[in-house]
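Observations on the three-dimensional arrangement
As a plain string of letters, each chain reads:
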Amino acid sequence: MQRRNFLKTGTLAGLTLTTLSAVSCAQPSAGPKADNATAFADDFELNEVTVDELQKKMQDGTYTSRSITEMYLKRIEAIDKAGPKLNAIIELNKSALDMADALDKERKAGVIHGPLHGIPVLIKDNIDTGDTMHTTAGSLALSDHFAKQDAFIVHKLRQAGAVILGKTNLSEWANFRSSRSTSGWSCRGLQTKNPYVLDRGPSGSSAGSGSAASANLCAVAIGTETDGSVVSPSSVAGLVGIKPTVGLLSRSGIIPISITQDTAGPMARTVRDAAILLGALAGADPNDSYTLKAKPEKDYTKFLDANGLKGKRIGFEKIEHANDGTLNLIKEAIETLKKQGAEVIEVEVSKALKPADGAEFQVLLYEFKDGLNKYLSTAGAGVKNLADVIAFNKTNEGKAMPFFKQETLIEAQEKGDLTSKEYTDALAKSTGVSRKAIDTIMAENKLDAICGPTNGFASCIDLINGDYDNGFSFSTPAAMAGYPHITVPMGAWHDLPMGLSFFGTAWKEGELLTLAYAYEQASKKRKKPEFKENLFG
């Protein structure tokens, strides 16, 4: 979760992008600027490969699922554990090669489960897998936890024929432990780095999934989001990230924060790959009543149209203040939208959400306590509720809380149940105001989607002081409303990527994919990372 906007300030600020996020964590030395080229020859055979390309290579016999899986495992060893040491992977699947072998046998027998057959996928370590991998949310309190069964979306992955390569690091407890934490850090997995500039943060909470997919450690990855945790790390990692309508993807078997805002989502290098993964994950789950309202598509790639912006009306969030790099990227993005036939109208979604200031955080405190207690009560972990987690962290403070504490966990523990008036009032305000704001702005302006920069440039990693605000996050409107949100690479400044957000009303994933794909094909802003040590060399 991208917690800064409401855990620190309790509000969604206007779109004010400061120059702070463009500073360097390491200052330049005197004399000529050092050549900051990549520290090693990155000639990985599968760099920037797409799902479709991998399928073609397996069909013609160039690759097998096993050979692809082996290449990614070697890549992880070279990039994640050695070399730049991204630290994006928290645990590898010991059965990955066995899965690949079984899928190769099925392919030879003429059994193909779909476009993900034999494709290696990484998943975030708050998603249950009923295998030899732990599920911990990055917490030492859950370091002994093996899930009894797969999360529903993992079951769907297996049905689709994907190879579960491993689990990715995350901001501990999906960034719901402290207001002074550092995104991408967990006491189990330690600090994940941004693959573009290594002293920069990967954002959170799906930090490992973002860094891994961007650095070509897998074909595609899965993150989870409560507010910003898919789209924000996707933005700073030059990825496409999809935060679906709440209920399109099941949440059963995922360590929860919020029943009203949580969702898993695809993180990929292209819109098409993200759409393929979305179709594989979507489906009704009797253990998640929200999914019974959805009508998922089996194939979201049918919405991909390179001319999809023609004749569309796009609301673009009003820009108050911004640094030069941000302004240039926004100007270029708006020009691209217009050249592709879209009409762009200035809107102020953030301003319309001000009546809901502070409500979202109160909702999450209540729902986190309720959801986590229910999850832990049936899990095979040594801790059985939130109170146990707090006590464990206190007893093991030196290891569990070396940089920041657990005031958010304590604040949630102090809340009552979901019948509390404070909760019901906050929920009505958070959901009601956000949906009304988006619905009204879209209806009055006859919009097909709302756009804006996804968030600021990646901030410096600082475990002592924690995260600083990197300008702005545009995740909150869609997150509070439970509406779909897609981010697409918009470009970079000093090698730091920024994404362009598209969001709209419920169950409009198809329409948003059309717009996102058309923008992606017209702009082509995705560039693979070069693993630079810092901005100056």
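Everything quoted here is computed from the prediction, not taken from an experiment.

**What to know about the packing of aromatic side chains**
Two aromatic rings are characterised by how far apart their centres lie and by the angle between their planes. Within the structure shown, the criterion is met by twelve aromatic pairs. Here Phe502 and Tyr519 contribute two aromatic rings whose centre-to-centre distance is 6.1 Å and whose plane-to-plane angle is 55°, an arrangement assigned as tilted. Of this pair, Phe502 sits in strand 13 (residues 496-503) while Tyr519 sits in helix 18 (residues 509-523); the two residues are 17 residues apart in sequence, bridging distant segments of the chain. Since its relative accessible area comes to 0%, Phe502 is described here as buried. Here Tyr519 falls in the buried class, since its relative accessible area comes to 1%. Members of the aromatic cluster, joined through ring pairs, are Trp173, Phe176, Phe361 and Phe368.

**Section: the sheet that holds strand 2 (residues 120-124)**
Judged by pairing direction, the sheet is mixed, and its eleven strands sit side by side in the order 1-3-2-6-8-7-12-13-11-9-10 without closing on themselves. Each edge of the sheet is formed by a strand with only one pairing partner; in this case those strands are strand 1 (89-92) and strand 10 (343-347). On average, adjacent strands in this sheet sit at an angle of 30° to one another, irrespective of strand direction. Where strand 7 (residues 240-243) meets strand 12 (residues 485-493), three bridges bridge the pair, whose relative direction is antiparallel. Bridged to Ile242 within strand 12 is Ile486. Most of the contacts of helix 16 (residues 421-444) go to strand 11 (residues 449-453), to which it runs at about 110°, and overall it touches strand 10, strand 11 and strand 13. Seen against the sheet, helix 18 touches strand 7, strand 9 (313-317), strand 11, strand 12 and strand 13 and runs at an angle of roughly 15° to strand 12.

**Re the state of the cysteines**
Applying the stated criterion across every chain, the model contains one disulfide. A sulfur-sulfur distance of 2.1 Å marks the disulfide that ties Cys25 to Cys460. When the S-S torsion is -100°, as for the bridge of Cys25 with Cys460, the disulfide is left-handed. With Cys25 in the loop between helix 1 (4-8) and helix 2 (51-59) and Cys460 in the loop between strand 11 and helix 17 (476-481), this residue pair connects regions lying 435 residues apart in the sequence. Since its relative accessible area comes to 31%, Cys25 is described here as partly exposed.

**Side note on the pairing of strand 13**
The element strand 13 is extensively covered by neighbouring structure, given that eight of its eight residues are classed as buried. Burial along strand 13 is two-sided: the face carrying Leu496, Met498, Leu500 and Phe502 and the face carrying Pro497, Gly499, Ser501 and Phe503 are both buried. When strand 11 meets strand 13, the two strands line up antiparallel, connected through four bridges. From the neighbouring strand, Cys451 faces strand 13, where its bridge partner is Phe502. Inspection of the sheet shows strand 12 paired to strand 13 by eight bridges, in the antiparallel sense. By the bridge assignment for strand 13, Trp493 is matched with Leu496. Between the end of strand 12 and the start of strand 13, which pair antiparallel, lie two residues, with His494 showing a positive phi angle near 50°.

**Thoughts on the nonpolar core**
Counting 100 residues, the largest nonpolar core has Leu116, Ile222 and Phe502 as the members making the most contacts within it. Sorting elements by how many residues they give to this core places helix 9 (residues 271-281) first, with eight residues. Membership of the second largest hydrophobic core comes to 23 residues, among which are Trp173, Ile255, Leu364 and Val383.

**Structural notes on the confidence of the model for the chain**
When pLDDT is averaged along the chain, the result is 94; 93% of the residues meet or exceed 70. This stretch, residues 17-22, has a pLDDT under 50; its non-local contacts, to residues over four places away or in other chains, come to 25 contacts. pLDDT under 50 marks residues 30-38. Its contacts with residues more than four places away, or in other chains, come to twelve contacts.

What counts and how
- Along each chain, the written sequence defines residue order, and numbers are assigned to residues from 1.
- Note on the predicted model: pLDDT of at least 70 is required for a residue's local features to be given, and 80 or more for side-chain atom pairs to be given and counted; whole-chain, interface and lining totals, by contrast, use all residues.
- Based on all heavy atoms of the structure, the side-chain values leave hydrogens and waters out of the count.
- Here is the rule: rings of Phe, Tyr and Trp (six-membered ring for Trp) pair when centre to centre is within 6.5 Å. Planes less than 30 degrees apart are stacked, more than 60 are edge-to-face, and the remainder are tilted.
- To qualify as a helix, a DSSP run of H or I must reach at least 4 residues; to qualify as a strand, a run of E must reach at least 2; elements of each kind are numbered from the N terminus.
- Burial status follows relative accessibility: with a 1.4 Å probe on protein chains alone, a residue under 20% of its type maximum counts as buried, one over 50% as exposed, and anything between as partly exposed.
- Pairing between two strands requires that DSSP report at least two bridges joining them.
- Only the stretch in contact is used when fitting a helix axis, every axis being a line fitted to C-alpha atoms; angles between N-to-C directions are given from 0 to 180 degrees.
- Only heavy atoms matter for contacts: two residues are in contact if any of them lie within 4.5 Å across the pair.
- By definition, disulfides here are pairs of cysteine sulfur atoms that lie within 2.5 Å.
- The term nonpolar core refers to a set of buried residues drawn from Ala, Val, Leu, Ile, Met, Phe, Trp, Tyr and Cys, joined through side-chain atoms within 4.5 Å.
- Predictor confidence is given residue by residue as pLDDT, running from a minimum of 0 to a maximum of 100.

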